[in-house]
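# Architecture at a glance
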Amino acid sequence: MKIFFLFTFSTFLLSAFEQATASAHYDKILTHSRIRARDQGPNVCALQQVMGTKKKYFSTCRNWYQGAICGKKATVLYECCPGYMKMDGTRGCPAVAPIDHVYGTLGIVGATSTQQYSDISKLREEIEGRGSFTFFAPSNEAWEQLNSEIHRNLVDNVNIELYNALHHHMVNKRMLTKDLKNGMTLVSMYNDQKLLINHYPNGVVTVNCARIIHGNQIATNGVVHVIDRVLTAVGNTIQDFIEVEDDLSSLRAAAITSDVLDILGRPGHYTLFAPTNEAFERLPRGVLERIMGDKVASEALVKFHILNTLQCSEAITGGAVYETLEGNTVEVGCDGESLTVNGVKMVKRKDIVTSNGVIHLIDEVLIPDSAKQVIELGGAQQTTFTDLVAQLGLASSLRPEGQYTLLAPLNGAFSDDTLRMDQRLLKTILQNHIIKVKVGLNELYNGQELETIGGKLLRVFVYRTAVCIENSCMVRGSKEGRNGFIHIFRQIINPAEKTLHEMLRNDKRFSVFLSLVKAADLDDVLSRPGEWTLFVPTNDAFKGLTDDDKDILIRDKNALRNILLYHLTQGVFIGSGFEPGVTNILKTIQGGKLYLKTVNDTLLVNELKSRESDLMATNGVIHVIDKLLYPADLPVGNDQLLTILKKLIKYIQIKFVRDSTFKEIPLTFYKINIIESNVQPIIRKEEPIIKTYTKIIDGRPVEVTEKKVTEERIIQGPEIKYTRITAGGSDNEEKLKKLLEEEVTKVTKFIEGDGHLLEDEEIKRLLQGAGTEYTKVTKVIEGEPQIIEREIKKVHLEEAPVRRVQPTRRTQGGAARRRTRLAYS
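Report on the accompanying structure. Computed from a predicted model, the values in this text were never measured in an experiment. (Residues numbered from 1 in each chain as written. Predicted model: local features only at pLDDT ≥ 70, side-chain atom pairs only at ≥ 80, totals over all residues. Heavy atoms only, no water.)

Glancing now at the state of the cysteines. Taken as a whole, this structure holds five disulfides when the rule is applied. Paired through a disulfide, cysteine 70 and cysteine 334 show a sulfur-sulfur distance of 1.9 Å. Looking down the S-S bond of the cysteine 70 and cysteine 334 bridge, the torsion is -95°, so its handedness is left-handed. Separated by 264 residues along the polypeptide, cysteine 70 in the loop between strand S3 (68-69) and strand S4 (72-80) and cysteine 334 in strand S17 (residues 329-335) bring together distant segments of the chain. An identical accessibility class is assigned to cysteine 70 and cysteine 334; each is buried. The disulfide partner of cysteine 80 is cysteine 93, and the gap between their sulfur atoms is 1.9 Å. (Disulfide = S-S within 2.5 Å. Helix = DSSP H or I, 4+ residues; strand = E, 2+ residues; numbered from the N terminus. Buried < 20%, exposed > 50% of the residue type's maximum accessible area, 1.4 Å probe, protein only.)

This is how it looks when you write it as structure tokens:
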């Protein structure tokens, strides 16, 4: 119980302390300034003064160590901290400044102009008398910078205008900087006018965007804060200002069209970066008309200029990122006396204070990504791609009302050879980088297929720290526009065209490896649909291998399969998809492990460099190596084989255990999924379509009449059961053999009453269709098979291969017997 009480009490104290310090940034920064100046004596504060100006700041750590404020070099000054003063012959500031009434304190802090105006306006008597006041006193420089006409009017009418103006700088209670909380609104002593307080994390405190440059000078009847400008009355909202300002008529039209103007009339603490009419005129006419004609885009545009926080220019001493009402962010910074937005000097007029925020006039229109067309989202690193898309006429096909995804390679991905290609080939390459639909980064998943506008299907591979499409992986920088996404890629995307087996067969570098694959009866594996990663040794890896050595390897099929299948793993693993420098462990089909990592953009396999990686196939990926891989923990029990392997493999020590044998690896690392289903009799017919056309046969035109029948019909007969065999990872070989040894129903296809025997590919196409399944076995449970008339797809006759059908033999009962080979894939 005692421990619980102490914990609760300490939590309460900590919470109270955090709440107090959260609104006392000014005092915290002041404390740091005292610490930095402790070598100068007691009560000395270190300040930074922007070179070429009179601006001085109690600085944050960031500005202090950078030695700059708003990008300008700052010199270090040492002055007495507020409330202290020097004494002759002593170090530092050991004396406390005398405490006087507010009028006298104005002289102590050097606000002599305000003191003088208080005297001539008859305010002096009030601020020397009884009460508790807070006086935000403009510095002498602030009065000098005041508009000359306004200044003259105040001085010419001291009893009313000047008196009221000074009262507008006063609050009828004492408020120290720790009491001035961010977002607070105080009521001034003139006509209950509002004073908007902002207390920023960098220690800056503002009153109607005027910065307190010397705070907390205690008086007997209040406190004085010296500010850097003369306050003017605040009465209108941001909406009111836009509605009457002639130079904002274009912004006004956009805000009305998008229904955003009313938001700026509500209570709040907004910052509006208001583009002038001239800024809108600089936009390309087509861009402006498109945005203004699209309510969603125009709303995004206007909201992108609005922050839900009040950012006075004097509070900005370095770059900071702020969220806009549109949802994206802008970076607001400074460059000397100028404000910058997203690093660009564009602010013409600062700090137009209203009752619900502040306005900064800018001379450029900020267009958010959400209001841009997808082709406009490309940045400086994707200009080659976007320029080519425009030059080759593909940009015009990206309709504003459409939905697209651009897969934009970096500029460096386009080599000189690529840019010199025939424009038709280059256009095809670019089409492979434009997806027909809008797909965000968080919508991509492993195994997904995306169709390009050129009709290609691109595969998506998702890894722990990377997302790749085919051979190329993304880099940071995805953006969403009005009609699509853009994702940034390291390399040009090369869609796969051939299987692993076809790629090996077409590249002479791999002839030895391919011959061994064939000898081990594995070439069919590399031809089938699937997802494999294959590490392929070049012919250089087999230097020194004689024909006799090769014969020995081939005779020991178990050994050969163990060696070859150690180069194959299930799943597609792109080299650039691995986290750099981190070892990735992959289990091979042989059962051993491969250790992969990327170092300096080079893929290492068991510490061996891949000479070429990410060669994409329709059923996997190839990484080229120049050494034969072998599992270090797999012993050899044959002297001849050991001698051969030592010739080829010198980077590891091969274990020898006499008479040890290699395990048998059956070709059943394809999973067997048995799905049995009853097909009920159905009848579905359509009217026949008759076509007549002419063909050239033996050099002579022949008129051909084609009758196309779309019919699906099973005549009443026995139930039919089918079994599907799909790819996977099971070792259930006996089950597979049993299935394949069973009697198979003879399948016959009839077209217009004249059938022909189906070959392997047709069986797969008709009974199975596209997909990952490799074989369907159909058998009759019992009874004589009945004629099945079935056309699953509408197929033009001229597309079907023409074959001569052997005359059928009649069996007893007169039924025609036809047979079809079981389709092995």
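This next bit is on the sheet that holds strand S15 (residues 306-307). With mixed pairing, the four strands of this open sheet are ordered in space as S15-S14-S21-S20. The two strands at the open ends of the sheet, each matched to only one other strand, are S15 and strand S20 (347-354). As paired strands, strand S14 (residues 270-275) and strand S21 (residues 357-362) are joined by six bridges and run parallel to one another. Each bridged residue has a counterpart across the sheet, and for threonine 271 the counterpart in S21 is valine 358. (Pairing = 2+ DSSP bridges.)

Ordered by their spatial adjacency, seven strands build an open sheet running S8-S7-S13-S12-S11-S10-S9, and the pairing between neighbours is mixed. The sheet is open, and its two edges are formed by strand S8 (170-171) and strand S9 (185-187), each paired on a single side. Pairing of strand S12 (residues 210-219) with strand S13 (residues 222-227) involves five bridges; the strand directions are antiparallel. Pairing of glutamine 217 across the sheet is with valine 224, part of S13. Together, strand S10 (194-199), strand S11 (205-207) and S12 form the strand contacts of helix H2 (residues 25-36), whose direction differs from that of S12 by roughly 80°. (Contact = heavy atoms within 4.5 Å. Axes fitted to C-alpha atoms, helices over the stretch in contact; angles between N-to-C directions.)

Applying the stated rule across the entire model yields four aromatic pairs. Summarising the aromatic geometry, the rings of phenylalanine 573 and phenylalanine 578 are spaced 6.4 Å apart at their centres and angled 10° between planes, so their arrangement reads as stacked. Overall, phenylalanine 578 belongs to the buried group, its relative accessible area being 7%. Here a set of aromatic residues connected by ring pairs shows up, and it is made of Tyr463, Phe573 and Phe578. The cationic tip of arginine 211 hangs over the ring face of tyrosine 57; the distance from NZ or CZ to the ring centre is 4.0 Å. (Phe/Tyr/Trp six-rings, centres within 6.5 Å; stacked < 30°, edge-to-face > 60°. Lys NZ or Arg CZ within 6 Å of the ring centre and 35° of its normal.)

Mapped onto the fold, methionine 292 is located in helix H13 (residues 285-292). A residue is classified by how much of its surface remains accessible, and methionine 292, at 24% relative accessible area, is partly exposed. Taking the C-alpha atoms as reference, methionine 292 lies 8.6 Å from serine 258; in sequence the two are 34 residues apart.

Judged by how many residues are buried, strand S1 (residues 44-50) sits mostly within the fold: six of seven residues are covered. Two elements, S1 and S4, share seven bridges in a ladder whose sense is antiparallel. Paired with cysteine 45 across the two strands is glutamate 79, which belongs to S4. Bridging between S1 and strand S2 (residues 56-57) involves two bridges; their strand directions are antiparallel.

The next thing to look at is the side chain of histidine 25. By secondary structure assignment, the location of histidine 25 is in helix H2. If sequence neighbours within four positions are ignored, histidine 25 has contacts with His199, Tyr200, Pro201 and Gly203.

A few words now on the packing of helix H19 (residues 511-519) against helix H21 (residues 557-565). Interaxial distance between H19 and H21 falls to 10 Å at its minimum, and their mutual angle equals 130°. With respect to H21, the element H19 is oriented oblique. For the pair H19 and H21, the sense of crossing is left-handed. For the pair H19 and H21, the contacting residues are Phe513, Leu516, Val517 and Ala519 in the first and Lys557, Leu560 and Leu564 in the second. When the residues that make up the contact of H19 with H21 are grouped by side-chain class, the tally is six nonpolar, no polar and one charged. (Parallel < 35°, antiparallel > 145°, perpendicular 65-115°, else oblique. Left-handed = near helix turned anticlockwise from the far one by under 90°. Nonpolar A, V, L, I, M, F, W, Y, C, P; charged D, E, K, R; others polar.)

Another point: unusual backbone geometry. Positive phi, close to 65°, is recorded for asparagine 216, a residue that is not glycine. Here asparagine 216 falls in the buried class, since its relative accessible area comes to 17%. Look at asparagine 600: it is not a glycine, yet its phi comes out positive at around 50°. As for its position among the elements, asparagine 600 is in the loop between strand S32 (593-599) and strand S33 (602-605). Judged by its relative accessible area of 73%, asparagine 600 is exposed.

Empty pockets left among the atoms are what a rolling probe the size of a water molecule brings to light. The space that makes up the largest pocket amounts to roughly 1400 Å³. Around the largest pocket, the lining is made up of 43 residues, and of these Ala142, Gln145, Asp228, Arg229 and Val230 lie nearest the centre. Elements represented by at least two residues in the lining of the largest pocket include exactly S4, helix H7 (140-145), S12 and S20. Tallying contributions element by element places S20 first for the lining of the largest pocket, with six residues. For the lining of the largest pocket, the per-class residue count stands at 17 nonpolar, 13 polar and 13 charged. (1 Å grid on protein atoms, 1.4 Å probe; cavity = no way out; pocket = protein on both sides within 12 Å on 5 of 7 lines; lining within 4 Å. Points joined across faces, edges and corners; volume = space filled by probe spheres on them.)

The quantities given are spatial measurements derived from coordinates; they are silent on function.
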